[in-house]
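Here is how the chains run, residue by residue.
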Amino acid sequence: MAGLATVFGSGAMTNSIEEIEHADVILITGTNTTENHPIIAQGIKRAVERGTTRLIVVDPRRIDLVDQANYWLRQRPGTDVAWINGLMHWIIKNDLHDKDYIAQRCEGFDELAAEVEKYTPEYVEGITGIPAKDLKAAAEVIGRADRTTFLYAMGITQHTTGTNNVKSMANLAMITGNVGRYATGVNPLRGQNNVQGACDLGALPNVFPGYQPVSDPKALKKFREVWDTESLSDKPGITMTQMIPGIGEGKIKGMFIMGENPVLSDPNASHVEEALEKIDFLVVQDIFLSETAQLADVVLPAASWAEKDGTFTNSERRVQRVRAAIDPVGGSFADWRIIQRIAQLMGANINFSTPEQIFNEIRRTTPSYAGINYGRIEREGGIQWPCPDIDHPGTPYLHKDGFKRGKGLLTAIAYKPPVELPDKDYPLLLTTGRMQFHYHTGTMTRRCKSLSTLASGPALDINPEDAATFGLLEGDSVRLSSRRGSIEIKVHITKSVDRGVVFSTFHFSEAPINRLTNDALDPIAKIPEYKVCAVHVQKI
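These numbers come from a predicted model, not from an experiment. Residue positions are given per chain, counted from 1 along the sequence in the order it is written. Residue-level local features of this predicted model are given only where pLDDT is at least 70; pairs of side-chain atoms are given and counted only at 80 or more, and the full residue set underlies all totals for whole chains, interfaces and linings. Side-chain figures throughout are based on the complete set of non-hydrogen atoms in the structure, without hydrogens or water.

1. Overview of the overall build of the protein chain
Next, step 1: Summing up its helical and strand segments, the protein chain has 20 helices and 23 strands in all.
Next, step 2: To get the radius of gyration, use the C-alpha atoms; to get the globule rule, take the number of residues to the power 0.38 and multiply by 2.2 Å. Taken over C-alpha atoms, the radius of gyration comes to 24 Å for the protein chain, in line with the 24 Å a tight globule of 540 residues would show.
Next, step 3: Principal-axis analysis of the C-alpha atoms places the extent of the protein chain at approximately 65 × 60 × 45 Å.
Next, step 4: Each residue is placed in one exposure class: buried if its accessible area under a 1.4 Å probe, protein chains only, is under 20% of its type's maximum, exposed if it is over 50%, and partly exposed if it falls in between. Per-residue burial over the protein chain gives 53% buried out of 540 residues.
Next, step 5: In this description, accessible areas are obtained by the Shrake-Rupley approach with a 1.4 Å probe, and a residue is regarded as covered only by the protein chains that are shown. Split by element, the accessible area of the protein chain, about 23,500 Å² in all, is 52% carbon and sulfur.
Next, step 6: Charge assignment in this entry is limited to Lys and Arg as positive and Asp and Glu as negative, and neither His nor the chain termini are counted. Here the site of a charge means atom NZ of a Lys, CZ of an Arg, CG of an Asp or CD of a Glu. On the protein chain, the mean spot of the 58 positive side-chain charges and the mean spot of the 65 negative ones are 1 Å from each other. We count a stretch as a helix when DSSP gives it H or I for four or more residues in a row; a strand needs E for two or more, and each element gets its number in order from the N terminus.

Put into structure tokens, the structure is as follows:
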């Protein structure tokens, strides 16, 4: 994505986790950090308690970190471009932007400045609900600070404007000179322990390992030679959110799902379930018989993280070793062994004996991993890519000496509302997320008795005024409906959500919230709009 393509294309943090608490200002948005990334949250709290760092929280819910925040900007869900443009408007208007950094390292500033001109604090308040005085104060804190770090997660990416939201955050970071320096940066907090590693190694539809485009003739030639095949395509594939409609259209006849539970995790989940029941042949590879696996023609039992060797790459691009604590139980195998055996049965010449052999191939094909090996990881405790050669120390923060494309491209972006907003039939806005005690669709954590004791079931957070409007008391069961379906769920009355907004998690199969969420997609990243949909609540 322009000057930050190597970062945002991979979703990696530009900076390191340890740097966060050394920033002068921390802005977090779209992340309930205490519950989803508690170790990072502890660092944030330490910095605030020391009095060395000011904290800005931008979130529609009163999350835990609001209690530590110097400023809480409570935006309406789906209005992120507007408030980011508003911050930039006030920073530029008050001459707080980093003119030297912009002149030396950026392009497109005039177009950006012209776009944000109309996003006055008062205009932004009308869109977002953030009081103009609070927006001004936060903008001045960012503009006057030497080092600001920006943290975000899926709360700003899971929108039809998710790509624009991230680009806007990059704009704000660049005009304030907060990319390419210690304790600054644009830092996405990833949602799974090795999702960064999966992306790094080509688990995306348009790239080979190392984000080398499948359409690049040089990359195509290299991987054809390394993998000893001429059948590699130079055409990008499609995302999961495009595959499900493809089943209904008869374009996709078979599917291999590995470590994913789309029956609960994908938006408009009833439609997903219908598609997977219709498909000709479905294979699921997982460690438990998930809701999706129950629909499969073939289930391949995989080993868990504690039963296999290899590496994980975390949010800060740190490659770390994983070691088996026990042998695989039952008839399960490590994922790589299952995939390799299937490939061999289909005629492929793949004959690895150990995960280290696989990693050595990664080093040969992926320039950012070339200098990392098992021995170095053992000695140094993890190495951050890019690490191009064996003598390279790794890279704590990116873009120190400039952007890969030359100058960072500032992009003028206009605010666009969500696809679906409340109306008289569906008067409330539903947003979704996670809780501390369960993970994703609960395939693992809901089998843990202690965690189920701490959080035994789902709840719908609703503001006291909305509860009174609908005649609801704490613990009442309601039917929650959207244009895509309905579920039954108990209510929890709380001021953590604003009037007109309700919140729930997607961990619980007995109240599958994603039967309601909107499968409208971001046109670029193809991410669904999980975070905004219109709903109606009715007491049962």
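Alright, that's what it looks like, and here's the rest.
2. Regarding the pairing of strand 10 (residues 281–286)
Next, step 1: For strand 10, the buried fraction is high: five of the six residues fall into the buried class.
Next, step 2: Criterion used throughout: strands pair if DSSP finds at least two bridges between them. Here five bridges tie strand 9 (residues 254–258) to strand 10, and the two strands are oriented parallel to one another. Paired with Phe256 across the bridge in strand 10 is Val283.
Next, step 3: Pairing of strand 10 with strand 11 (residues 298–301) involves four bridges; the strand directions are parallel. Paired with Gln285 across the strands is Leu300, a residue of strand 11.

3. Remarks on the pattern of salt bridges
Next, step 1: Salt bridge criterion: a side-chain nitrogen from Lys or Arg within 4 Å of a carboxyl oxygen from Asp or Glu. Tallying each qualifying case throughout the model produces 27 salt bridges.
Next, step 2: When the shortest N-O distance is used, the salt bridge between Lys221 and Glu225 registers 2.7 Å. With Lys221 and Glu225 both in helix 12 (residues 217–226), this residue pair falls four residues apart, about one helical turn. Glu225 matches Lys221 in its accessibility class, with the two residues each being exposed.
Next, step 3: Across the salt bridge formed by Arg499 and Glu465, the nearest N and O atoms sit 3.6 Å from each other. Within this pair, whereas Arg499 is found in the loop between strand 19 (485–493) and strand 20 (501–505), its partner Glu465 is found in helix 20 (residues 464–469), the two being separated by 34 residues in sequence.
Next, step 4: Assessed through its relative accessible area of 53%, Arg499 is described here as exposed.
Next, step 5: One salt-bridge network, held together by shared partners, links Glu420, Asp423, Arg483 and Arg484.

4. Some words on the packing of aromatic side chains
Next, step 1: Only Phe, Tyr and Trp rings take part, Trp by its six-membered ring, and two of them pair if their centres are within 6.5 Å. Stacked means planes under 30 degrees apart, edge-to-face means over 60, and tilted covers everything else. Inspection of every chain in the model, using the stated rule, returns seven aromatic pairs.
Next, step 2: Look at Phe208 and Trp227: their rings are 6.1 Å apart centre to centre, the planes differ by 80 degrees, and that puts the pair in the edge-to-face class. Placement of Phe208 in strand 7 (residues 207–208) and of Trp227 in the loop between helix 12 and helix 13 (240–248) is noted, with a sequence separation of 19 residues between them.
Next, step 3: Through a chain of ring-to-ring contacts, three or more aromatic side chains come together here, namely Phe208, Phe223 and Trp227.
Next, step 4: Only Lys NZ and Arg CZ are tested; either one counts as a charge over a ring when it is within 6 Å of the ring centre and within 35 degrees of the ring normal. Geometry around Trp385 places Arg317 over its ring, the cationic atom sitting 5.8 Å from the centre.

5. Remarks on the environment of Ser496
Next, step 1: Position of Ser496 among the secondary structure elements: in the loop between strand 19 and strand 20.
Next, step 2: Classification of Ser496 as buried rests on a relative accessible area of 15%.
Next, step 3: With 33 residues separating them in the primary sequence, Ser496 and Asn463 have C-alpha atoms 7.4 Å apart.
Next, step 4: With sequence-adjacent residues up to four places away left out, Ser496 is seen in contact with Pro60, Arg61, Arg62, Arg74 and Asp461. Should any heavy atoms of two residues lie within 4.5 Å, those residues are considered in contact.

6. Some details on the side chain of Asp466
Next, step 1: Among the secondary structure elements, Asp466 is positioned in helix 20.
Next, step 2: Summary of buried charges: Asp466 has no salt-bridge partner, and the nearest side chain of opposite charge, Arg499, is 6.8 Å away.
Next, step 3: Residues adjacent in sequence count toward polar contacts only when both atoms are side-chain atoms; beyond that, a polar contact is any pair of N or O atoms within 3.5 Å, and within protein one must be able to donate a hydrogen and the other to accept it. Only 2.6 Å separates the side chain of Asp466 from the backbone nitrogen of Gly500, close enough to count as a polar contact.
Next, step 4: Asp466 has contacts with Leu428, Asp498, Arg499, Gly500 and Val501, leaving out every residue within four places of it along the chain.

7. Considerations on helix 3 (residues 38–50)
Next, step 1: Along its 13 residues, helix 3 runs 18 Å from first to last C-alpha, staying within 8% of the 18 Å computed at 1.5 Å per residue.
Next, step 2: Turning to helix 3, its buried residues are Ile40, Ala41, Gly43, Ile44, Lys45, Ala47 and Val48.
Next, step 3: Taken together, the buried residues of helix 3 touch strand 1 (25–29), helix 2 (33–36), strand 2 (54–58) and strand 5 (148–152).
Next, step 4: Backbone geometry just after helix 3 places Gly51 at a positive phi near 85 degrees. One less than the residue count of a helix, multiplied by 1.5 Å, gives the span that helix is expected to have.

8. What to know about the packing of helix 4 (residues 80–93) against helix 7 (residues 121–128)
Next, step 1: For the pair helix 4 and helix 7, interaxial distance at closest approach is 9 Å and the crossing angle is 170 degrees. Judged by the inter-axis angle, helix 4 sits roughly antiparallel to helix 7. Contacts between helix 4 and helix 7 involve Ala82, Trp83, Gly86, His89 and Trp90 from the former and Pro121, Val124, Ile127 and Thr128 from the latter.
Next, step 2: Residue classes in the contact of helix 4 with helix 7 are distributed as six nonpolar, three polar and no charged. Axis angles are defined between N-to-C directions and span 0 to 180 degrees, where every axis is a line fitted to C-alpha atoms and, for a helix, only to the segment in contact. Angle categories are assigned with fixed cut-offs, so that under 35 degrees is roughly parallel, over 145 is roughly antiparallel, 65 to 115 is roughly perpendicular, and the rest are oblique. Each residue gets one of three labels, nonpolar for Ala, Val, Leu, Ile, Met, Phe, Trp, Tyr, Cys and Pro, charged for Asp, Glu, Lys and Arg, and polar for the others, Gly among them.

9. Some thoughts on the confidence of the model for the protein chain
Next, step 1: Mean pLDDT for the protein chain: 94, with 98% of residues reaching 70 or above.
Next, step 2: The score called pLDDT rates the predictor's confidence residue by residue, from a low of 0 to a high of 100. Scored below 50 in pLDDT, residues 1–10 makes 37 contacts in the model with residues more than four places away or belonging to other chains.

10. Topic: the environment of Lys235
Next, step 1: Inspection of the secondary structure assignment puts Lys235 in the loop between helix 12 and helix 13.
Next, step 2: Look at Lys235 and you get exposed, because its relative accessible area is 62%.

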